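Summary of the model geometry
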Amino acid sequence: MKRDDCLNRLVQKYIAGNDTRVRFVNVENPQDLKEVVSRLGLVNCTFYQPKQFSKPDEVLQLANLLQKLQSSKGIVVLQGFSSQIALQGSFELRRFFQKMAGLTSVKCKVIILCYQCAEELNFLDPRLNNLVYKIDGDATKRGVVHLLGEDYPTKEKVTDGIENAGVLLEKGYPDVWIRTRKCMSDYAQSLWALTEHHDVFDALCQVERSFGTLNRSWGSPEQWSGILLKIDETGSWNALLQETFGTATNLEIVASSWKTSNSFNRWLYPVALALVGSGNDYLNLSIQKMKSPDKFVASLFRTLLDISWDDPSFADLYIQRKKLLACMELTEDNELFGYIRMVGMYAANSIRYLTDATMIERKQIISLLASNKYERNTIREILNTVYPDMAAYLAFYPFKEGQWLEEYFEEYRFSKVTNCISEKLTEIAEKQAVDREYNLLPMRTSVLSALQKNGAYVYWIDAMGVEYLAFIREKCKEYGLILKTSIGCANLPTITDGNKEFWEEFSESQKSKVTELDGIKHHGKEDYDYRKSRLPIHLSRELEIIDEVLRKAKQKLLIGECKRVLILSDHGASRMPVIKENIINIDVNSKGTHCGRVCEYTDSIATVPYAVRDGDWYILANHDRFKGGQKASVEVHGGATPEEVLVPIIQLSVMPAGIEISIPTAVVEFSFKQVPTLEIFSKTELEQPRILFDSMWIDGQPGSAPQYYAFTLPKKKGTFSISVYDGETELASDFEITVKNKVGSTNSSKGGIL
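It should be emphasised that the depicted structure is a prediction, and the values quoted were computed from it without experimental measurement. (Residues numbered from 1 in each chain as written. Predicted model: local features only at pLDDT ≥ 70, side-chain atom pairs only at ≥ 80, totals over all residues. Heavy atoms only, no water.)

Quick look at the pattern of salt bridges
Inspection of every chain in the model, using the stated rule, returns 48 salt bridges. Measuring nitrogen to oxygen at the nearest pair gives 2.8 Å for the salt bridge that ties D202 to R216. Of this pair, D202 sits in helix α7 (residues 200-207) while R216 sits in the loop between α7 and α8 (221-234), placing them 14 residues apart in sequence. Note that R352 is salt-bridged to E381, the shortest N-O span being 3.1 Å. Of this pair, R352 sits in the loop between α14 (335-343) and α15 (359-371) while E381 is found in helix α16 (residues 376-386), placing the two residues 29 residues apart along the sequence. Overall, the relative accessible area of 10% leaves R352 in the buried class. The exposure class assigned to E381 is partly exposed, which follows from its relative accessible area of 40%. (Salt bridge = Lys/Arg side-chain N within 4 Å of Asp/Glu carboxyl O. Helix = DSSP H or I, 4+ residues; strand = E, 2+ residues; numbered from the N terminus. Buried < 20%, exposed > 50% of the residue type's maximum accessible area, 1.4 Å probe, protein only.)

What follows is the structure in structure tokens.
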């Protein structure tokens, strides 16, 4: 039947007539359907669709439709019902038609628009076939219904709920995308072609097979959907990585952007590492041990714990881990605290699993050093890796002022770090408390008077003694600074009021005072207090304060604010009286001051062998305390021990570019009358030329020509390695020279020192 004939019969005969039986109008394409709907709309028809008689995402409830028809009047048009029910198969569709054909108890007239249902509209009862109007026309190819899971991603236009499928299918779309909980198994007999995309992870594995090696529980459906969508947008998995991370192969370099990454990329990164790998062994190992991407950071922290510290791979993995955590800015992550608790399973060796990246780890390192009796060589070996700044603090420092200083401060620094006064330190301290050899050294004022002050900027670090010189030397080497040091004596008692005479020599624009070090030592600031913790955890902060000054000094020198920087101090301080906790049981007529290091001198006071009188003061030169003084919180000063009295006078300048050191002749001869003299050449002028020869410091003198420097060596035959210094700064090392008897010398047959 032609379309116009069908419409005329509907409008002129059925709608205008008295027959109330249902009419079925079948079309083969959307164009005819659209025209029929348009014409019927002109005669005030009421249109019903399946969604009005369905629960969300459920099949049509026919009973609801029939009930509605019972109460309806006029002309009712059912649109989309045939295609909707066709999802349930031919049998259900025929049953629907049969049910509707027998509908006689309604007061309205019902027209059912059917889409490509010619076969299903062949009733067995030929009388019913008279109710069917089949419009001739070319059949449009049927579309495909895509059933999408709730989280399945697609760029297509998606309609929520299976109840909307019928109307959409009759629009002739080649693909209809329905977000639904329904599966193909729910529509096994469907007359429409179906696909389902419910498990997004399975779909992802079909697109990129490598994902099949992962556990689907690693991500939520939304997260897997995110990858699938991005692959669809970019064209491939590698293209996704390239667009997201800037690389599809060198994923280790992406770690530096962790802090600024969004939550999706933080999840995607370990997933990508699991599939692609990286050039970082520790990162790869952490991924292998990772239980899921949300445990990625935990795995980064903890994977090292699975490796024994004496494993050959440990050192490299340790360094890689430290760099990773630093570049990802994870040093303050909550995982750190759990890691520190877990590291305790290695007991004394747990120190090897810590780093100096955070204050909490540095404190733990100091705690372990104070709690375990490590050999000193072991301490240095461990700290060179886990806490280089502390290793620098403990490094050997050669005092040209006397070997006893080297021995004393070696013992002092180790005693401070381990929180235990060594027997050797006690022995030297008691001897120096009587001998006080530092009295042979110049006063600070005398040393300062000989310094060039023009063009200098001065930092006064309150309470900084010479114990830090090894640390300062190493940091200056790291920062490219030339270091020159001298040692002077502070005035007694070693308190600020009597030791700030130097400060007035410099204008306000030339100087800065740093009080944080004294604040920690003397006042227990920043929550450091021996009464709260007996461990020397303050030492870490002490080194930070000094380092901050050195970095500021470097900046001033580099930008040309000054020609040189001087670092001075009023006095030092001592940790030992705090550790020793020994009160001298003598009566004094006034309370001990400065934590018991000083008291007022009177003729009636008992003689104390380890004390020195200076004017009206009686000052302790060992590690005891007078009674009555306020208990020290961290460290003390005021006394006359070497660490309190001796202060460094430090000069800093920038290492000149193009340093070149050479030795014209590597063979040095001597005879009975001739001393062995080594000459070196320096392309740049040296202010304090020195060499380290066989563990011996030798100062240089002007040589045979400009920029040549001469060094008088001991008469000792052999081959030696020497290092060249300007002040405390090493300029060149590992020069090999030979010292020998001059041919023909009467002593040429004799070995050793002449």
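Picking up where we left off.
What to know about the sheet that holds strand β5 (residues 132-134)
Ordered in space as β2-β3-β4-β1-β5, the 5 strands form an open sheet in which the pairing is parallel. Across the chains shown, the open sheet's two edge strands, defined by having one partner strand only, are β2 (46-48) and β5. Averaged over all neighbouring strand pairs, the angle between strand axes comes to 20°, with direction disregarded. Taken together, the 4 bridges between strand β3 (residues 75-78) and strand β4 (residues 109-115) define a ladder with parallel strand orientation. Residue pairing in the sheet places V77 in a bridge with I111 of β4. (Pairing = 2+ DSSP bridges. Axes fitted to C-alpha atoms, helices over the stretch in contact; angles between N-to-C directions.)

Brief notes about helix α18 (residues 403-418)
For α18, spanning 16 residues, the distance from its first C-alpha to its last is 23 Å, which sits close to the expected 22 Å at 1.5 Å a residue. When you tally the buried positions in α18, you get 14 out of 16 residues, the bulk of the element. Positive backbone phi, at 60°, marks N419, one or two positions downstream of α18. (Expected span 1.5 Å × (residues − 1).)

Comments concerning the packing of aromatic side chains
For the structure shown, the criterion picks out 34 aromatic pairs. Ring geometry for Y115 against W192: centres 6.3 Å apart, planes inclined by 15°, an arrangement best described as stacked. Placement of Y115 in strand β4 and of W192 in the loop between β8 (175-179) and β9 (193-197) is noted, with a sequence separation of 77 residues between them. With a relative accessible area of 4%, W192 lands in the buried category. With a centroid separation of 5.2 Å and an interplanar angle of 80°, the aromatic rings of Y408 and F409 are classed as edge-to-face. When its relative accessible area of 0% is taken as the criterion, F409 is described as buried. Against the face of Y339 rests R321, its NZ or CZ located 4.3 Å from the ring centre. The ring of Y457 carries the charged tip of K556 above its face, separated from the ring centre by 4.3 Å. (Phe/Tyr/Trp six-rings, centres within 6.5 Å; stacked < 30°, edge-to-face > 60°. Lys NZ or Arg CZ within 6 Å of the ring centre and 35° of its normal.)

Concerning unusual backbone geometry
Cis rather than trans, the peptide bond between L492 and P493 has omega equal to -10°. The backbone of E329 shows a phi angle near 55°, a positive value even though the residue is not glycine. Inspection of the secondary structure assignment puts E329 in the loop between α13 (314-327) and α14. With phi around 65°, Q707 is a residue other than glycine that occupies positive phi space. Position of Q707 among the secondary structure elements: in the loop between β25 (701-702) and β26 (708-712).

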